Amino acid sequence: FVFFLGMEKLIVCIHKRPNALCRLICFPWAGGGTSQLSQWGKQLSNSIEVLCVRYPGRETRFNDPFAKDMTTMVNEVTSVLLKELQERPFAFFGHSFGSYLSFAVALHLKEKYGLEPVHLFVSGAHAPNSEAILPIKSISTSDIKDEELTEYLQTLGGTSSELLNNKEIREHLLLTFKEDMRVFQTFSFEKAEMDIPFSCDITCFNGGDDKPYDLQGWQELTNGDTSYYELPGGHFYLLEPSNEIFLTKHITRCLENAGL
């Protein structure tokens, strides 16, 4: 049951910084784990503590059932992190599926608790109020053949070929990816029926060789500034060491200038 899921199981914090001024909560991509983003702690300044969200069905949550829908995931993350988020300022970074989940969590925190991130960093994702999301929501994941999905993941990058060549690991990876996609398809956001939800700045990152994203809608979601950065590489541009340095430096600068 969600409330008994401790911090340790759901949240990875490798570099603990009890005196940090701000926390950066990272949300991985579909099918992804915490190994890459949780390492950002050592690249960000001492004033920032990095926490990475671990989704069900992988790593130490291998035996946990996959989430039913986006609302379940949002509630789970919120219930585990609420105390931390009330204590001191926080920012979110999400990549791809993680961008949508981080946005959904931020929206829930704002509506229910009046809490808001000091900055929202989104990567490799359409604006949640964009029509470009609709085709992705209509893909039937159960109809995708494993061979097709394996090929797609290979083209996308981000998963080493050793993992995809191991039958057992590959099967679990494909299942995890499909389950995360299914959760994404339950995500819905209607901009029309509400005021501008946020006042924080939003920064959008993406890879220049990735498919183009509809990012314009992000600026309708905040009274703060919206900025856009395109970095060299494909969908997983953020795993390139030079891009990772740019991202972590840029995020540090934004957070240190946020006047915390």
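Worth saying up front: this structure is predicted, and the values here are computed from it rather than measured. (Residues numbered from 1 in each chain as written. Predicted model: local features only at pLDDT ≥ 70, side-chain atom pairs only at ≥ 80, totals over all residues. Heavy atoms only, no water.)

A. Just the overall build of the protein, in detail. Along the backbone of the protein there are eight helices and seven strands. Against the compact-globule benchmark of 18 Å for 260 residues, the protein has a radius of gyration of 17 Å, which places it among compact chains. A principal-axis box enclosing the C-alpha atoms of the protein has dimensions of 50 × 40 × 35 Å. When each of the 260 residues of the protein is scored for burial, the buried share is 53%. Sequence-distant contacts in the protein: of pairs separated by 6 or more residues, those separated by 24 or more amount to 80%. Only carbon and sulfur atoms are counted for the fraction: they give 52% of the accessible area of the protein, which is about 12200 Å². Once the 23 positive and 34 negative side-chain charges of the protein are each reduced to a mean point, those two points are 6 Å apart. (Helix = DSSP H or I, 4+ residues; strand = E, 2+ residues; numbered from the N terminus. Rg over C-alpha atoms; globule rule 2.2 N^0.38 Å. Buried < 20%, exposed > 50% of the residue type's maximum accessible area, 1.4 Å probe, protein only. Contact = heavy atoms within 4.5 Å. Areas by Shrake-Rupley, 256 points an atom, 1.4 Å probe, with all protein chains shown as cover. Lys, Arg positive; Asp, Glu negative; His and termini not counted. Charge placed at Lys NZ, Arg CZ, Asp CG, Glu CD.)

B. How the structure looks around the packing of helix α5 (residues 146-156) against helix α7 (residues 167-185). Contact geometry of α5 with α7 gives a least axis separation of 11 Å together with a crossing angle of 85°. Between α5 and α7, the angle is such that the two are roughly perpendicular. Residues Asp146, Leu149, Thr150, Tyr152 and Leu153 of α5 lie in contact with α7, whose contacting residues are Arg170, Leu174, Phe177 and Lys178. (Axes fitted to C-alpha atoms, helices over the stretch in contact; angles between N-to-C directions. Parallel < 35°, antiparallel > 145°, perpendicular 65-115°, else oblique.)

C. Here's a closer look at unusual backbone geometry. Backbone geometry at glutamate 59 places phi at a positive 50°, although glycine is not the residue there. Locating glutamate 59 in the fold gives a position in the loop between β3 (48-53) and α2 (70-87). The backbone phi angle of serine 96 is positive, close to 60°, even though this residue is not glycine. In this structure, serine 96 sits in the loop between β4 (90-95) and α3 (97-113). On the accessibility criterion, serine 96 (16% relative accessible area) is buried.

D. The nonpolar core, seen in detail. Ranked by internal contacts, the top residues of the largest apolar core, which has 53 residues, are Phe27, Met70, Phe92, Phe103, Leu120, Phe187 and Trp218. Sorting elements by how many residues they give to this core places α3 first, with nine residues. Leaving out residues up to four positions away in the same chain, tryptophan 218 has contacts with Phe103, Val122, Ala125, His126, Ala127, Pro128, Asn129, Ile202, Cys204 and Thr226. Counting 23 residues, the second largest nonpolar core, distinct from the first, contains Cys52, Leu231, Phe236 and Cys254. (Core = buried A, V, L, I, M, F, W, Y, C linked by side-chain atoms within 4.5 Å.)

E. Layout of the side chain of aspartate 64. The residue aspartate 64 is located in the loop between β3 and α2 in this model. There is a polar contact of 2.9 Å between the side chain of aspartate 64 and the side chain of arginine 61. (Polar contact = N/O pair within 3.5 Å; in protein donor to acceptor, adjacent residues only side chain to side chain.)

F. Local environment of the pattern of salt bridges. Here the structure, examined in full by the defined rule, presents 14 salt bridges. Between lysine 167 and glutamate 171 there is a salt bridge, and its shortest N-O distance comes to 2.8 Å. One end of the pair is lysine 167 and the other is glutamate 171, both in helix α7 and four residues apart, which spans about a single turn. The salt bridge involving glutamate 179 is made with arginine 182; its shortest N-O contact spans 2.5 Å. You can see glutamate 179 and its partner arginine 182 sitting in helix α7, three residues apart, about one turn around the helix. (Salt bridge = Lys/Arg side-chain N within 4 Å of Asp/Glu carboxyl O.)

G. Spatial organisation of the pairing of β4. Within β4, six of the six residues are buried, which leaves the element mostly enclosed by the surrounding structure. Residues Phe90, Phe92 and Gly94 of β4 are buried on one face, and the alternating residues Ala91, Phe93 and His95, pointing to the opposite face, are buried as well. As defined by bridge partners, strand β2 (residues 22-27) adjoins β4 across five bridges and the pair is classed as parallel. Within β4, the residue paired with arginine 23 across the bridge is phenylalanine 90. In terms of strand pairing, β4 meets strand β5 (residues 119-123) through five bridges, oriented parallel. The residue of β5 that forms the bridge with phenylalanine 92 is leucine 120. (Pairing = 2+ DSSP bridges.)

H. Region of the structure containing the side chain of arginine 61. Its place among the elements puts arginine 61 in the loop between β3 and α2. A polar contact of 2.9 Å, which involves the side chain of arginine 61, links it to the side chain of glutamate 76.

I. Up close: the pairing of β2. Summarising burial for β2: six of the six residues are buried, a large majority. Every second residue of β2 is oriented toward a common face, with Cys22, Leu24 and Cys26 on one face and Arg23, Ile25 and Phe27 on the other, all of them buried.

J. Looking closely at α3. Taking 1.5 Å as the rise per residue, α3 with 17 residues should run 24 Å; its terminal C-alpha atoms sit 24 Å apart, in good agreement. The positive-phi residue at the C-terminal boundary of α3 is glycine 114, with phi of around 65°. (Expected span 1.5 Å × (residues − 1).)

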